[in-house]
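Structural characterization, general
As a plain string of letters, each chain reads:
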Amino acid sequence: YSNFIDDLRVYVRGGTGGMGYPNLGGEGGRGGDVWFVARERTTLKSIREKYPKKRFVAGTGANSSVKALKGEKGKDCEVHVPLGISVLDDDGKQIGELNAAGERFLAARGGLGGCLATNFLPCKGQRRTVHLDLKLIADVGLVGFPNAGKSSLLSKISHAKPEVANYAFTTIQPELGKIMYADYKQISVADLPGLIEGAHANKGMGHKFLKHVERTKQLLLVVDISGFQLSIKTQFRTAFETILLLTKELELYKEELVTKPTLLAINKMDLPCAKDNFDELMTQLENPQDYLHLLEEEMIPANTLEFREVIPISTYTGEGIEELKTCIRKSLDEQAEQVNEEYQKKKLLLLQTSR
């Protein structure tokens, strides 16, 4: 997991102001500022490698002089950060967010230059330690328990090459891929490492994985039709129970995650008895309330997920892969249309109110 960095602690300090000129009432230049600037193709790992000390200090303001009574401002320090960054102070409080390329956040303000108000003495710049917390931005987030086939699915629908094997934890860091369509439309998909029961309580590095679900537009649950068992010491879960447990983990971590538009991919349809198991699962999904008694009370989610589509697939044979890609695009297009309609309604309402 150390190859992928999604949290970095850095020290930032604004520049000290320049000296004033008391005899002629001159003002020293203000100290430079430290800015975080969102930029594509940037990673927290590259920042750590380029700046091993993780210290960012802006330039000092120029002193006032006979030739220049108003000193020049110190040089700003710009730090390029990846998209999807939350800036947190040392207490964990969010003080800024950078989601689009070119967005800027003032991390540390430079100090005032010497002037009449400061008795012509310069002021020091703001200094503090901040955390850069990365949450991946993607159109679709793949969510599922280990060995459900998320990595295999990502390699089938995109050009990503994640590690694939027949043991539980092959994905140990988030993996991004892009679905390419014939008309050059691109949809980004994030394969998030397998959750386990108790992920909401940070079991199995749950929070490190679950936080990346927050900024995806939609969720794609990937479930093994034959069920799931992490090890011989843990209880076996059917496909239906797996769906409920995944819902519970998302709900306990952050309730609004359950309200995201969600698709369901039922994987490994090439296995024997998969058709019978799928028919049984569809019956259970149509009336989930009748089957909640199968789980312990504390594992039953308050709200069951409503799936826009349920698609049976096999990453081994390729069955249902093209249909899934079509469903993903259709679902995202419908969501974008809905968001646009709501935006137009708000604009119309504001126009009517102003009149």
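Here's a quick rundown of the structure. Note that this is a predicted model, so its numbers are computed, not measured. The numbering scheme is per chain: residues are counted from 1 as the chain's sequence reads. Restriction of local features to residues with pLDDT of at least 70 applies here, the model being predicted, together with a cutoff of 80 or more for giving and counting side-chain atom pairs; totals for whole chains, interfaces and linings are based on all residues. With hydrogens and water excluded, all non-hydrogen atoms of the structure serve as input to the side-chain values.

Here's the deal with the packing of helix H2 (residues 150–157) against helix H6 (residues 321–354)
This is how the line gets drawn: Note on geometry: axes are lines fitted to C-alpha atoms, helical ones only across the stretch in contact, with angles between N-to-C directions running from 0 to 180 degrees. What counts as a helix is a DSSP run of H or I of at least four residues, what counts as a strand is a run of E of at least two, and both are numbered from the N terminus. Geometric relationships in this document are graded by angle, where less than 35 degrees denotes roughly parallel, more than 145 denotes roughly antiparallel, 65 to 115 denotes roughly perpendicular, and other angles denote oblique. By definition, residues are in contact when any of their heavy atoms lie within 4.5 Å. All residues other than Ala, Val, Leu, Ile, Met, Phe, Trp, Tyr, Cys, Pro, Asp, Glu, Lys and Arg, Gly among them, are scored as polar; the first ten of these are nonpolar and the last four charged.
Here H2 crosses H6 at 80°, and the two axes come no closer than 11 Å. Between H2 and H6, the angle falls in the class roughly perpendicular. Within the contact between the two elements, H2 uses Leu 153, Lys 156 and Ile 157 and H6 uses Ile 321, Leu 324 and Lys 325. Residues belonging to the contact of H2 with H6 are distributed by class as follows: four nonpolar, no polar and two charged.

So, the sheet that holds strand E2 (residues 34–38)
Inclusion rule: Paired strands are those between which DSSP finds at least two bridges.
Spatially, the three strands line up as an open sheet ordered E4-E2-E7, and their pairing is mixed. If you trace the sheet from one side to the other, it starts and ends with strand E4 (77–81) and strand E7 (104–108), each paired once. Strand after strand, the sheet turns through a mean of 30° between neighbouring axes, direction not considered. Sheet topology note: the E2/E4 ladder contains five bridges and is parallel. Paired with Phe 36 across the strands is Val 79, a residue of E4.

Let's talk about the sheet that holds strand E8 (residues 127–134)
Reading across the sheet, the five strands line up as E3-E1-E8-E5-E6 and stay open at both edges, with mixed pairing between neighbours. Where the open sheet ends on each side, the last strands, each with one partner, are strand E3 (55–57) and strand E6 (94–98). Recorded for the sheet is a direction-independent mean angle of 25° between the axes of neighbouring strands. Examined bridge by bridge, strand E5 (residues 85–88) and E8 share four bridges and lie antiparallel to one another. Within E8, the residue paired with Val 87 across the bridge is Leu 132.

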